[in-house]
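Examination of the molecular architecture
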Amino acid sequence: MKLKNRYDTEALCRRMLEHNEGTISVRNQEIAIKKLVVIIEAALDLSNKKGFQAMTLRDLSNASGVSMGGLYAYFDSKVALVNLILKEVTFAVEEVLSDPPRDLVEDPVKHLMWLIEAHLRLTEEMLPWFRFSFMEARHLPQPERRMAIDSEELTERYFAQAIQNAQNVGAFRQEVTPYLSTLIKPLLQEWYVKRSKHRRRGVDLGMYIEAVQSFILNSCLPVEQLESKERTIARTA
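This part takes up the nonpolar core. Ranked by internal contacts, the top residues of the largest apolar core, which has 75 residues, are Leu60 and Leu112. The contact partners of Leu112, leaving out residues within four places of it in the chain, are Phe159, Ala162, Ile163, Phe172, Ile184 and Ile216.

This is the structure we're talking about:
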């Protein structure tokens, strides 16, 4: 699964300009992208250090080296800046999760495993963006808070559909909780919110992906498949 450079800050800022060409008033696109990269990176860094609520546009101007007038060419308030960031997170999630490899679509279990890996790899590429969305959502005005919630619910719907499809073909037990898609989300958030904890424990992204996938399978697979799996492990122990 190759996401490298598709969702780095420069690529995201390029898309940000495309998605908001009617409101961002700049002439030279390449210069605008470079400046927007500096602004967004500074905003995410300041938010991580002191919180978005405490950050002022003057703080952002000082940290980015972009004048107040320069900032206003991209957004006219902190709320507008939040909108820019949250929209790109949602666009990225929808773009990635809505496009699974064709050979996986007919196998709902493999599709679900792919969704888990795709989401975790995306959050790794966009770590400060996802961390911002999670940490700041509760402090945002209602419309922006709703936007963050909608993004989470979008992710849950992809998981819920794959789980339902797996139950429909008998690949998952029927008694699996209907809240499983909701329960998966905190496992995904754990990686980008508490990543330093896992690093200290020597857990890398691949190990974490495998752990989450294994946990879900052990919770959902039919009993006979789990017993077969346990007998295989016992024979090789």
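Next up on the list: the environment of His111. Position of His111 among the secondary structure elements: in helix α7 (residues 108-125). Between the alpha carbons of His111 and Glu136 there is a distance of 31 Å; along the sequence they are 25 residues apart. Not counting residues within four places of it along the chain, the set of residues in contact with His111 comprises Pro100, Leu104 and Ala162.

Moving on, we come to helix α8 (residues 127-136). Among the residues making up α8, those that are buried are Leu127, Trp129, Phe130, Phe132, Ser133 and Glu136. Residues of α8 that are buried sit in contact with α1 (9-19), α2 (29-50), α5 (78-97), α7, α10 (180-193) and α11 (195-200).

For the rest of this paragraph, the subject is empty space enclosed by the protein. Under the counting rule described, the total for this entry stands at one cavity of 30 Å³ or more. Within this model, the largest cavity holds a volume of roughly 150 Å³. Lining the largest cavity are 17 residues, and of these Val89, Ser133, Ala148, Ser151 and Glu152 sit closest to its centre. Secondary structure elements with two or more residues in the lining of the largest cavity: α5, α8, α9 (142-168) and α10.

Of all residues in the protein chain, 94% attain a pLDDT of 70 or more, and the chain-wide mean is 89. Mean pLDDT across the elements of the protein chain bottoms out in helix α13 (residues 223-236) (53) and peaks in helix α3 (residues 57-64) (96). In this model, residues 229-237 is a region of pLDDT below 50 whose contacts with residues beyond four sequence positions or in other chains number two contacts.

Interaxial distance between α8 and α10 falls to 9 Å at its minimum, and their mutual angle equals 115°. Here α8 runs over α10; the crossing is left-handed. Counted together, Leu127, Phe130, Arg131, Phe134 and Met135 of α8 and Gln189, Tyr192 and Val193 of α10 form the full contact between these two elements. Looking at side-chain class alone, the contact of α8 with α10 contains six nonpolar, one polar and one charged residues.

Turning next to the packing of α5 against α9. Geometry of a packed helix pair, given as the angle between the helix axes and the separation of the axes. Where α5 contacts α9, the axes come no closer than 10 Å and their chain directions differ by 5°. By the angle between their axes, α5 is roughly parallel relative to α9. Of the residues in α9, those touching α5 at Val79, Val82, Asn83, Leu86, Lys87, Val89, Thr90, Val93, Glu94 and Leu97 are Glu144, Met147, Ala148, Ser151, Leu154, Thr155 and Tyr158. Broken down by class, the residue content of the contact of α5 with α9 amounts to 10 nonpolar, four polar and three charged.

Calculation rules
Residue indices follow the written sequence of each chain, beginning from 1 at its first position. A pLDDT threshold of at least 70 governs which residues receive local features in this predicted model, and a stricter bar of 80 or more applies before side-chain atom pairs are shown or counted, although totals over entire chains, interfaces and linings include all residues. Values shown for side chains rest on all heavy atoms present in the structure; no hydrogens or waters enter the calculation. The nonpolar core is taken to be a set of buried Ala, Val, Leu, Ile, Met, Phe, Trp, Tyr and Cys residues, with the residues joined through side-chain atoms within 4.5 Å. Only protein chains enter the calculation, and the probe is 1.4 Å; a residue is then buried if its accessible area is under 20% of its type maximum, exposed if over 50%, and partly exposed in between. In this description, contact between two residues means that some pair of their heavy atoms is separated by no more than 4.5 Å. A run of H or I in DSSP counts as a helix once it spans at least four residues, and a run of E counts as a strand once it spans at least two, with each numbered from the N terminus. Here the term cavity refers to a set of points on a 1 Å grid, laid over the protein atoms alone, in which a 1.4 Å probe fits but cannot get out; the term pocket refers to an open set having protein on both sides within 12 Å along at least five of seven lines, with lining residues being those that place an atom within 4 Å of a point. Grid points are joined across faces, edges and corners, and a volume is the space filled by probe spheres set on the points. pLDDT is defined as a per-residue confidence score from the predictor, taking values between 0 and 100. Each axis is a line fitted through C-alpha atoms, and for a helix only the stretch in contact is used; angles between axes span 0 to 180 degrees, taken between their N-to-C directions. For a crossing to be left-handed, the near helix must be turned anticlockwise from the far one by less than a right angle; the clockwise case is right-handed. Three categories are distinguished: nonpolar for Ala, Val, Leu, Ile, Met, Phe, Trp, Tyr, Cys and Pro, charged for Asp, Glu, Lys and Arg, and polar for the others, with Gly belonging to the last. Any angle from 65 to 115 degrees is called roughly perpendicular, while one under 35 is roughly parallel, one over 145 is roughly antiparallel, and all others are oblique.

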